[in-house]
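# Structural overview
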Amino acid sequence: MDGTKAAVESTTEENQEEREESKGCFECCIKCLGGVPYASLVATILCFSGVALFCGCGHVALTGTLTMLENHFSQITTDHATLTIVIQTMQYVIYGIASFFFVYGIILLAEGFYTTSAVKKELQSQFKTTVCGRCITATFVFLTYILGLAFLGIFGFSAIPVFLFYNMWTTCAAMKSPMANITDPDSICVDVRQYGIIPWNATPGKACGSTLGDICSTSEFYLSFHLYIVACAGAGATLIALLIYMMATTYNYAALKFMSHGNSRSTKFSEPY
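Quick caveat, the model's predicted, so the values are computed rather than measured.

Below, the discussion takes up the environment of glutamate 111. Of note, glutamate 111 is situated in helix α3 (residues 81–123). Looking at glutamate 111, the relative accessible area reads 5%, which means it is buried. Spatially, the C-alpha atoms of glutamate 111 and phenylalanine 140 are 8.8 Å apart, while their sequence positions differ by 29 residues. If sequence neighbours within four positions are ignored, glutamate 111 has contacts with Thr137, Phe140, Thr249 and Asn252.

With that settled, consider a nonpolar patch on the surface. The grouping of Phe142, Leu143, Tyr145, Ile146, Leu149, Leu152 and Phe155 at the surface amounts to a nonpolar patch, some 660 Å² of accessible area in total. Following the sequence through the fold, leucine 152 ends up in helix α4 (residues 131–176). Accessibility expressed as a relative area gives 47% for leucine 152, which makes it partly exposed.

Below, the discussion takes up the UniProt feature "transmembrane region" (unreviewed entry) in the protein chain. Taking the UniProt record as the reference, the feature "transmembrane region" (unreviewed entry) is found at residues 41–62, 92–114, 135–166 and 227–248. Summarising residues 41–62: 100% helix, 0% strand, and an end-to-end C-alpha distance of 31 Å. Spanning residues 135–166, this segment combines 100% helix with 0% strand, and its end C-alpha atoms are found 47 Å apart.

Turning next to the packing of aromatic side chains. Counted according to the given criterion, the structure contains 13 aromatic pairs. Taking the centre distance of 5.6 Å and the plane angle of 25 degrees together, the rings of phenylalanine 48 and phenylalanine 102 count as stacked. Placement of phenylalanine 48 in helix α2 (residues 38–72) and of phenylalanine 102 in helix α3 is noted, with a sequence separation of 54 residues between them. On the basis of an interplanar angle of 35 degrees and a centroid distance of 6.0 Å, the ring pair of tyrosine 166 and tryptophan 169 is categorised as tilted. In this pair, tyrosine 166 and tryptophan 169 both sit in helix α4, 3 residues apart, roughly one turn of the helix. Judged by relative accessible area, tryptophan 169 falls into the partly exposed class, the value being 42%.

With that out of the way, let us pick up the state of the cysteines. In protein structure, a disulfide is the covalent linkage between the sulfur atoms of two cysteines. According to the stated counting rule, one finds 2 disulfides in the structure shown. Between the sulfur atoms of cysteine 172 and its disulfide partner cysteine 216 the distance amounts to 1.8 Å. Here cysteine 172 and cysteine 216 share a disulfide; its torsion about the S-S bond, 50 degrees, makes the bridge right-handed. A residue pair is termed long-range when its members are at least 10 positions apart, and cysteine 172 in helix α4 and cysteine 216 in helix α5 (residues 209–216) qualify at 44 residues. Accessibility classification places cysteine 172 together with cysteine 216 in one group, the buried group. Disulfide pairing is shown between cysteine 189 and cysteine 208; the S-S distance is 1.9 Å.

Here we come to the side chain of threonine 238. Its place among the elements puts threonine 238 in helix α6 (residues 219–259). Within the structure, threonine 238 has its side chain in polar contact with the backbone nitrogen of valine 51 (distance 3.2 Å). Threonine 238 has contacts with Cys47, Gly50, Val51, Phe101 and Phe151, leaving out every residue within four places of it along the chain.

All right, on to the side chain of serine 158 then. Mapped onto the elements, serine 158 comes out in helix α4. Within the structure, serine 158 has its side chain in polar contact with the backbone oxygen of phenylalanine 155 (distance 2.8 Å). Aside from chain neighbours lying at most four places away, what touches serine 158 is Phe54, Cys232 and Ala235.

Definitions and limits used
Residues numbered from 1 in each chain as written. Predicted model: local features only at pLDDT ≥ 70, side-chain atom pairs only at ≥ 80, totals over all residues. Heavy atoms only, no water. Helix = DSSP H or I, 4+ residues; strand = E, 2+ residues; numbered from the N terminus. Buried < 20%, exposed > 50% of the residue type's maximum accessible area, 1.4 Å probe, protein only. Contact = heavy atoms within 4.5 Å. Patch = residues over 30% accessible without salt bridge, like charges linked within 9 Å, V, L, I, M, F, W, Y side chains within 5 Å. Areas by Shrake-Rupley, 256 points an atom, 1.4 Å probe, with all protein chains shown as cover. Salt bridge = Lys/Arg side-chain N within 4 Å of Asp/Glu carboxyl O. UniProt positions renumbered as here; feature names shortened; annotations may be inferred. Phe/Tyr/Trp six-rings, centres within 6.5 Å; stacked < 30°, edge-to-face > 60°. Disulfide = S-S within 2.5 Å. Polar contact = N/O pair within 3.5 Å; in protein donor to acceptor, adjacent residues only side chain to side chain.

Here is the structure:
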């Protein structure tokens with residue numbers, strides 16, 4: 001009987017130790033997950049995806065647009081020399097945007113981890129925020145605000161080629177529609193010179209009738225049109241990511257500022273953890 005009782009007590013102690021270890025592992029996991037800045041993490045994923053779509057699709061779409069103009073609207077090289085330089089410059093700018101946002105997104109994510117950890121430790125009286133840390137967070141708030149305004153302009157600018165290609169596509173669709181009842185297809189034209197893309201002396205400068213229909217059937221037109229749509233969507237996604245970054249960094253700064261005054265109940269201002 002004594003041996004059975006000792007065995008039962010030993011088993012009970014082992015089960016209790018296992019439960020305590022499991023509880024300790026669970027609390028450790030919760031603690032680790034509590035230090036993740038989820039807002040910054042979501043914004044980083046959205047930013048990387050949006051910038052990749054905008055830069056990749058925009059670069060290919062610009063190349064297709066230049067090829068289409070050279071083949072159908074401006075067959076003399078000197079007429080679109082300026083446009084070629086502008087498109088090449090925009091492609092180099094796209095390289096810079098992709099590189100910059102890759103680095104900036106990682107920095108903002110790291111700043112989110114730092115601030116969330118700092119707020120959590122200060123709540124436990126293990127850490128004190130510094131003026132330097134608050135200034136760095138304030139700097140990111142300002143930079144993200146400026147970048148948000150800049151990308152708002154980029155988003156609007158990226159919608160312009162979508163509008164131009166959509167007008168051309170609807171013209172072709174209306175011309176091919178059996179319900180249109182068009183007696184003179186050659187009277188339907190698209191003149192890209194009126195948009196200021198190429199000069200007025202460019203030849204031919206416009207496409208009419210069957211020529212316009214053939215242009216709308218080319219792979220350059222079809223691919224560029226859809227890539228511009230995706231690039232515009234990517235710019236919109238990047239703009240949303242910057243807005244999330246802006247809210248996250250603002251809350252982080254508010255948390256650090258609030259806690260620097262000796263307050264310990266500032267979890268509402270920090271990123272969720």
